[in-house]
Structure formats: C-alpha cells, structure tokens
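Commentary on secondary and tertiary structure
Chain by chain, the residues:
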Amino acid sequence: MTGGHSLSDASLTLPSLEQCIRVLTLEDYNTRVVVLGVMALGAAAGLIGTFLLLRKRALTADALSHATLPGIAIAFMVMVAMGGEGKSLVGLLIGAFVFGCIGILLILAIRHTTRLKDDAAIGIVLSVLFGLGLCLLRIASEFPSGSASGLGGFIFGKAASMVASDALVMAGVAVVVLVATCMLCKELTLLCFDEEFSSVQGWSVLLLDIVLMSLVTVVTVVALQSVGLVLAVAMLIIPAASAKYWTRRITSMLIAAAIIGCLSGWLGAVVSALVPRMPTGPIIVLLCGFWFVISFIFGSNDGLLVRQFLRWSLNKRIARQHILRAVWEVCEQHTDSEFGVHEVVRLRSWHTRTVKRLLRKSVAKGYVARKSPTTWRMTEKGRVEARRVARNHRLWEIYLINYADIAPTHVDRDADMIEHVLGPELVEKLEKLLVAGDEPKSPHPIGASG
Amino acid sequence: MNWTTIDTWIVFMGAMCAASCAIPGTVLVLRRMSLMGDAISHTVLPGIAVAFLITGSRDPAAMLIGAVVVGLLTAFLVQTIQSLGKVEVGASMGIVFTVLFAFGLILMRRAVDHVDIDPDCVLYGAIELAWFDQVHIAGMGVPRGFVVNGVMLISNIVLILVFYKEFKITSFDPSLAKTQGIRPSIMHYLLMTMTAVTAVAAFETVGSILVVAMFIVPAATAYLISDKYGVLMCLSVAIAIIAAALGHLGAITIPLWFGFSGTSTAGSMAVAAGFLFVVAWIGSPKYGLLTRAVHRIELRVRILREDVLGVLWRLEERKQVAIQSMQLATAIGANPLMMRFVLLRLVNQGRIAKFGKCWLLTDQGRSFATTLVRTHRLWEVYLDKHFPQDQHQLHHSASRLEHVTTESMQSALGDARTDPHGSIVPENEDV
C-alpha cells in the first residue's frame, strides 16, 4: 500500500503548516461539518459493526448497501413526480432504507426457500439490485424536471458536499445507535455468542436480529453520503475486526471499535481536506485498513506478533524439557549425574549440535554444568526439574497403557505431546489414580523412540 | 424500437462476456465461494491502476498482469487473514476487497488528468460504446471487446474441459481429490486466476457489476434446476447468454414504454439475469417453489384420501351408520372445500359411493382401506414394543407412519393379531 503513495508522489502537493493548523483546529465551516459528521458516523459504525462481525453477517451488510441504489433512484423519481426537486436528503435516505430492508428480506427468502447458501444469496441480491439501481439512475437522469446528477455521488460518496444538517443527521444516528447499543448490549451479545441460550432466556432471536439489522441498515444508509455504497461495509466491519485484536471483552471491543472508526473518520476527513483530489470515502477506508494491519500485527490479543512470541516461548520450554528428560534418562541408567553429549544424542532423533545448543542454554538456567569438554553434570536444581518432567511423562505413559489400551511401545510419542501441558492438579489426580511411587519406572526401554 | 447492427454486436459482446464469466462462476457457486468472484472483480481496479501508473499506457498485457497479480493477492490475503487472524471468511473478504478497492479509487482519482479510464466506467462499463473501439481482422472491422471476450470465452472453455475432472472432484470432495493426487490449493489458485483474468477482460466492456452478476446469478439459477456438474455448467452458460440478450432488449425497449430513451445495458443485463433467477426460483421443475407447493398439496390430498378411507373402514368395523360429508370433514379436521375435492376423487377411483346422503366403501375401497388399517395397527404394535409411549400418542405416531409405508415395510412389521388397544389387525385383502 505504501508503494502506491510513492507512485503518486509526483503529483502530490504537500499542504503548508498554516493549512494544516486551519484544518486541524476546524476553523473552516466546511471542514468542521465534514469532520464532525464523519467522526460520528465512524463511531456509530464501529459500535454496531462489532455485533455485525460477531454475528458473522459482514457481507450481508455489503449486499444491503448495494441494494439501496434502486431505492435512491426510485425515491428521486417519486419526489420529482410529486412536484419536488428530488434532492431532499431525508427522502432519498428513506428510499435507500426501504430497499436496504428489501435486500435483506430477499437474502433471507433465498436462503430459506432454495438450496443455495448464504454466499450465493448475498451475491445475487447485491449484483441484481445494484444493476437495477444503475438502470433506474440512467432513467432518472432523463427526468424533465429536477437534476439527478448528484445521485451518482452515493456510489462512491461525496463527503465534501455535506452541509450542517447532514452532519446533524449523522450525529443523531450515532446517538441512536449508542443508546440502542447500551440498552441492548447484553441481549445482542447473547445473540452473537449463543443464539440457543438467548432464545431459551425468552429473547426472540428473530426480533433481536431485526433490531440489529435495522440498526445496520440505518448506519449504512447514513454512511452512503460520506463513503459511498461500495465502501460502506468497510466502515462497519474493519474497525470492529481491528478491535478484536486488542481485547476479549465485548464492552472494551465496542469502545475500541468506536474509537478506531472515529479516528479513521477524523484522519480521513482531515487528509482529504488538506490534499487536493483525495476523495474522502476511499481515504477513510484506507485508514481503517491501516488500523487493521497495525492491530492484526501488533494487537495484544491474538495479534500476529503476540501469537508468534507465545508459540516461540512454548517451543523453547518444550525443547528445554526434552533435553532435561533425556539427561535424566541417561543419568538414571548410570546412577550418577555425569553424562556425555553422545549418550543424550542417542535418545532422540536430534542433531549433536542441537543437543549442545540446548545444553548451553540449560547451563545458563543453572540446570546442568560443564565438567570437561566431553562430560557434563546435572546440578541439584536440574535434578529437581528433570525429575518432575520425567515423572509427568511416565505418569501419562502409564495412564495411557492402563486406561487407553495403547501398547507400551507406542506411548512414548503420545506422552511427549501431553507432558508439557500437565498442570499440578492433573498430575496429582494421575498419582492418585495410578498409585505410582515417587519415581515411576519407564514402562518401555529407553532409547530412540520409533 | 430500432434494432441495428450495433445492437447485434452489443448482444454478442455481452453474451460472450456473460458466458465466459458463467464458467468459473459455476465452480465458485458450487464451492460456496461466490463472493470471492465479487471481491476479485472489485480488486481488479487497483491492479489496473497500478499497471497504468507503472507503464503509463493502456497496454492490455500490462493491465492483465496487474489484474491477475492483484486478484491472486486478494485470494491470498483473504485466506491469510481468515486463518492467521481467526476472522470469519466473509469479514476477511470484506476487509480485503474494500481496502484494495479504496486504494484503487484513490490511485485513479489522483491520475485522473491523464487517464481515460474512470471509476464510473469500471463499475457500469460502456458496452454501448464498445462497438466504436474496433480492431481490423481479415479486413473486417470487429469491436475490440468482441475479440477480447471471445478469446476469454474460448480459453475458459478449454481450461474447464482440460481440468474438468479436477475441478469436479475438488469442488465436491477436496479430501478425495487429495488422495487422488490433485492438490486442492493449486486448483483453488487456478480458479482464482481464471476469475481475475475473466473479470479484467470483461469489465472494460461491460463493467464490474455485470461481471459480479454473471459470475453468480446464472450459476445459482442453474443450481436450482439441475444436480449434474456438466449439465450445470452448460445450463449456466446458456442462462448467461439468454440474460445478455434479454438484458439488452429490455434496455432499449422497456424504458420507451414510459417515454424514456433507454437505460444502462450492463445494469439491465444484471436485472435480466435476476429475472431468470426468479423464474427458476418459482418454476424450476425440481426445486421450484411452485413444484414444491404442488408436491405438498398432492401429499396432503393423498393423506386426506387415505384418512377418509380409514374412517369409513373403522365405522364399518364398529357396525355404525354411514357418515355425511360434513361429519367426515369435522372428524378428520379438514376444510370442507378440500374434503369435497377429495371425495370426488375417491368416487372417480371407485373406492367410495354415495347412498342417499351417506358415504360407504365399495369393495375395492374396502380392500384398500383394510391394507391401510392393517399397516396402522401393525405400526402401533411395533411402536408399543420398541418405543413404549402413551396410548394416544401411539395412535398419532402410527397415523403419520401409515401414509409412508410400502408393502415390503408392512410385511416386515410382523403379523400380530391384535393391536395395543385390543382391536383386531385385519388381514390384507386381494384387490
């Protein structure tokens, strides 16, 4: 994505500091309206988008936003036919809302009465209704009175033409969504996570779904003006999807999504006010995408880096436990705590170099000490830890032999996977169950496992 | 209406484009990945924009490469975000295609001074004008869009024929495909490439919205009509072609009725496809709403008919007087109109006859009813033995089962003499 910016750098004229300050302090009336409107929208979309995402309805919203186009065209025609100019935003949005609802109903009808799945139902509604919208727009442009030229703006958005009343509408919608979310937070959460439970609790799943989808429709319809119907779905799902990488709790996820939506809206409006020929809608979506990438990589909950780090540290621990167990098994055979690298290498399909590296790490941890270039010794601390690891391994092996009927020759591998994650309580239970002594013997000959 | 050569060319181009979209579209719909077609046809835009900015020309080869690269990138990103990011596939698609499309829009907008492709054109296409952009082949002027889409159609047909079996197996049973040595992931990316190339070839002439419609709607329509992979493929191509022809015809005729000069051909082709879908949805001989409604009504009538026979037989068994139409209707709980129809059918079949105002079984009807009652009572015996339940419930369960029991099932139910209520199980009579 950054590569693209360098491509267009040639024609990019950087704004002066003065301009930046003017825009950032919202001195211009126009900027103020756009920024506030888009911020309110971002917050509302983030909130309701969270539920939409959790309910796995992301692309239903896409079909919904495409389905609004014929509604806009028809509303225009009706208004013109009634003698108006056909430009009343509220009228157009009502048309959009009606067709958004029709779109959702059609998706439901196709899904429930044919053998087609969700994806096809969404695709059909999206493309056919959008095609219908295009036809109607073309016809609307021939209307004798009234001018339909502005209607196409709903497709890609035209935030720059927003006026104060539009911003007020957006703020109003944001407040409605906020209030509805606060009031229905528990019910909607239940709906998203456990549909059956919520219906058992006496909540009508259908009713809640209708409420959720109506809120989504309202937000989408309002978003049409600033980001356009092709990209409206991005405002709904991307902030929510980004928020997912920072928290597990629904309330904090809602807040985070609202903040990310708000921030993207604000930055997008500012950037598009500063840079000429920079459409607001796409830049907001691009910024949402930017936050998503950041969250996806650096997020504290399930982010890529955090997950990699956890996996890496788990692997490290597993490797350490493996080397300690191997050393324990060697020492057990010759009843003192000295051993050579070659003896350890034999036990497992690993390389001499790997063993040496792991041993050096264990030295750093104080589990083993090096006596001479060829011999190593286990320390007292190492003995305690190694004994614990080997014990867990053998307990699990004995358990598998006794209770899962696995042949003694085959348990080594299986136990290998479990031994690292046995908690103290489980070990205690195993001890009680198996009546094993302090140092259980290995149920199979020690050596390279097959 | 004034049909000209240009209109013929437009229909040809639209039909070819629609047909070439329908081929990968069928596989997409079968794999439940239809929206991947939607996503890719959006993200082709930044591919084209970047290719344009790099080469500075509208070289088709560069645009094709740009679009394919971005198409594959889309498929890859969607999968990566879905699996690494633990996001549902729909959301992952939504994120990827909106961001890439927004990026493409910005690039286009910034290059707008020196580009003659604009976002509007990409979305709606300019099939009405495509005729004017001609190339000369063998001394004859042929629209470029025709050549491009024709090549695309032929290569899609070739690809689908060459990989016919592979696509089929990976669509229906990816694990079986794996055991047969076909790599599902390779087929996946081949399909994605096909989708991207088809989308880019098509959308300059017809616009991306028609591409999306033609990927999904004809295939979905065919899916409501047939179950066979090969038939599906041919059907969806045929539907796509019909939709294109109907669409253009509609675009230049329907608005005239209302006093307008015409409308968007691409949009109206999408609407025509939607219209065909609705036709199949309602009238498909196999899965149509109408067919299923007729089946349901037929079943209800048959059950009602059997219920009437059952009631009359039981009355005879108890040596009670015959029954009138209205009483029958109340006894069974059917609506009177339906009851009249059913009785008429039974009379025509010679199973019942009217004496005065009352209904009685004929010999033929009696033997038929005997079989029914035998089945009913045998079921009661069976259910009582294996699934002990309340006596009343027993009767209801048996009433439901008696209508779907075949002869061999009946004989497998045993030969008890009395049912759990103490009634005698009648022997089958020969008709």
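Every residue gets a number counted from 1 within its own chain, in the order that chain's sequence is written. A letter from A marks each chain and a number from 1 marks each ligand, given out in the order of writing. pLDDT decides what is reported in this predicted model: residues at 70 or higher carry local features, side-chain atom pairs at 80 or more are listed and counted, and totals for whole chains, interfaces and linings draw on all residues regardless. Excluded from the side-chain calculation are hydrogens and water; included are all heavy atoms of the structure.

Time to look at the interface of chain B and chain A. Here a residue-residue contact requires only that any non-hydrogen atoms of the pair lie within 4.5 Å. The partner chain A presents 64 residues to the 66 residues of chain B that form the contact. Defined in terms of a 1.4 Å probe, buried area is the accessible area two parts forfeit on being brought together, summed over both. Interface area, chain B with chain A, both sides summed: about 5,600 Å², of which 73% is carbon and sulfur. Only one rule defines a salt bridge in this text: a Lys or Arg side-chain nitrogen within 4 Å of an Asp or Glu carboxyl oxygen. Here chain B and chain A share 2 salt bridges between them. Measuring nitrogen to oxygen at the nearest pair gives 2.6 Å for the salt bridge that ties Arg115 of chain A to Asp227 of chain B. Only α2 (34–55), α3 (60–84), α4 (89–110), α5 (119–124), α10 (208–223), α12 (265–283) and α13 (289–317) of chain B provide two or more residues apiece to the side of chain B that touches chain A. Tallying contributions element by element places α4 of chain B first for the side of chain B that touches chain A, with 16 residues. Looking at the side of chain B that touches chain A, its residues break down into 41 nonpolar, 14 polar and 11 charged. Helix and strand definitions follow DSSP, with helices as H or I runs of at least four residues and strands as E runs of at least two, each counted in order from the N terminus. Only Asp, Glu, Lys and Arg are considered charged in this grouping, and only Ala, Val, Leu, Ile, Met, Phe, Trp, Tyr, Cys and Pro are considered nonpolar; every other residue, Gly among them, is considered polar.

Residues and elements named next belong to chain A. Being paired, for any two strands, means DSSP has found at least two bridges between them. Sheet architecture is open: 3 strands sit in the order β1-β3-β2, paired in antiparallel fashion. Two strands lie at the open edges of the sheet, namely β1 (338–340) and β2 (368–370), each paired on one side alone. Taking each pair of neighbouring strands and ignoring which way they run, the sheet shows an average axis angle of 35°. Note: β1 against strand β3 (residues 375–378), 3 bridges, orientation antiparallel. Bridge assignment links Gly340 to a residue of β3, and that residue is Thr375. To obtain each axis, a line is fitted to C-alpha atoms, and for helices this fit is confined to the stretch in contact; angles are then taken between N-to-C directions over 0 to 180 degrees. Of the strands in this sheet, β1 and β3 touch helix α14 (residues 304–334), which is tilted by about 115° from β1. Sitting on the sheet, helix α16 (residues 352–365) is in contact with β1, β2 and β3, with an inclination near 110° to β2.

Residue and element names in this part refer to chain A. pLDDT is a per-residue confidence score from the predictor, ranging from 0 to 100. When pLDDT is averaged along chain A, the result is 84, and 94% of the positions lie at 70 or above. When mean pLDDT is taken per element in chain A, helix α11 (residues 232–243) scores highest with 93 and helix α1 (residues 2–8) scores lowest with 40. Long-range and interchain partners of residues 1–10, a stretch whose pLDDT sits below 50, account for 9 contacts in this model, where long-range means more than four residues apart.

What fixes the domain bounds is an automatic or database domain assignment. Partitioning chain A into structural domains gives domain 1 (14–301) and domain 2 (307–434). Look at where the C-alpha atoms of domain 1 of chain A and domain 2 of chain A centre, and you get two points 56 Å apart.

This next bit is on the pattern of salt bridges. Residue and element names in this part refer to chain A. Tallied over the entire structure, the rule returns 20 salt bridges over all chains. For Arg111, the salt bridge is made with Asp118, and the minimal N-O distance between the two is 2.7 Å. Three labels apply to residues, based on accessible area from a 1.4 Å probe with only protein chains included: buried if under 20% of the type maximum, exposed if over 50%, partly exposed otherwise in between. Arg111 gets classed as partly exposed once you look at its relative accessible area, which sits at 24%. Note on Asp118: relative accessible area 26%, which makes it partly exposed. Two residues, Arg307 and Asp302, come together in a salt bridge whose shortest N-O distance is 3.7 Å. Residues participating in the shared-partner salt-bridge network are Arg55, Arg57, Glu195 and Asp209.

Let's shift gears to the packing of aromatic side chains. Any pair of Phe, Tyr and Trp rings, taking the six-membered ring for Trp, is counted once the centres come within 6.5 Å. Such a pair is stacked with planes under 30 degrees apart, edge-to-face with planes over 60 apart, and tilted for the rest. Evaluated as defined, the whole model comprises 15 aromatic pairs over all chains. Ring plane angle 80° and centroid distance 5.6 Å describe the contact between Tyr245 of chain A and Phe296 of chain A, whose orientation is recorded as edge-to-face. In this pair, Tyr245 of chain A sits in the loop between α11 and α12 (250–274) while Phe296 of chain A sits in helix α13 (residues 280–298), placing the two residues 51 residues apart along the sequence. Under the relative-accessibility criterion, Tyr245 of chain A is labelled buried at 0%. Three or more aromatic residues joined by ring pairs form one cluster here, namely Tyr245, Phe292 and Phe296 of chain A. Look at NZ for Lys and CZ for Arg. If either is within 6 Å of the ring centre and within 35 degrees of the ring normal, a charge sits over the ring. The aromatic ring of Tyr287 of chain B is capped on one face by Arg115 of chain A, whose charged end is 4.0 Å from the ring centroid. The ring centre of Tyr245 of chain A lies 5.2 Å from the NZ or CZ of Lys244 of chain A, which sits over that ring.

In terms of domains, chain B is made up of domain 1 (5–213) and domain 2 (292–412). Measuring from the centre of the C-alpha atoms in domain 1 of chain B to the corresponding centre in domain 2 of chain B gives 59 Å.

Looking now at the nonpolar core. Ranked by internal contacts, the top residues of the largest apolar core, which has 204 residues, are Ile48, Phe51, Leu116, Ile124 and Val219 of chain A together with Met214 and Phe277 of chain B. With near-sequence residues (within four places) excluded, Phe51 of chain A lies in contact with Thr181, Cys185, Leu188, Thr189, Cys192, Leu212, Ile250 and Leu254 of chain A. To form a nonpolar core, buried Ala, Val, Leu, Ile, Met, Phe, Trp, Tyr and Cys residues must be joined to one another through side-chain atoms within 4.5 Å.

All names here are of chain A. Look at α14 against α16: their axes get within 10 Å of each other, and the N-to-C directions meet at 95°. In terms of their interaxial angle, α14 and α16 are classed as roughly perpendicular. Counted together, Ala319, Arg320, Ile323 and Val327 of α14 and Val355, Leu358, Leu359, Ser362 and Lys365 of α16 form the full contact between these two elements. Within the contact of α14 with α16, the residues separate by chemical class into 6 nonpolar, 1 polar and 2 charged. Should an angle fall under 35 degrees it is called roughly parallel, over 145 degrees roughly antiparallel, and 65 to 115 degrees roughly perpendicular, with every other angle called oblique.

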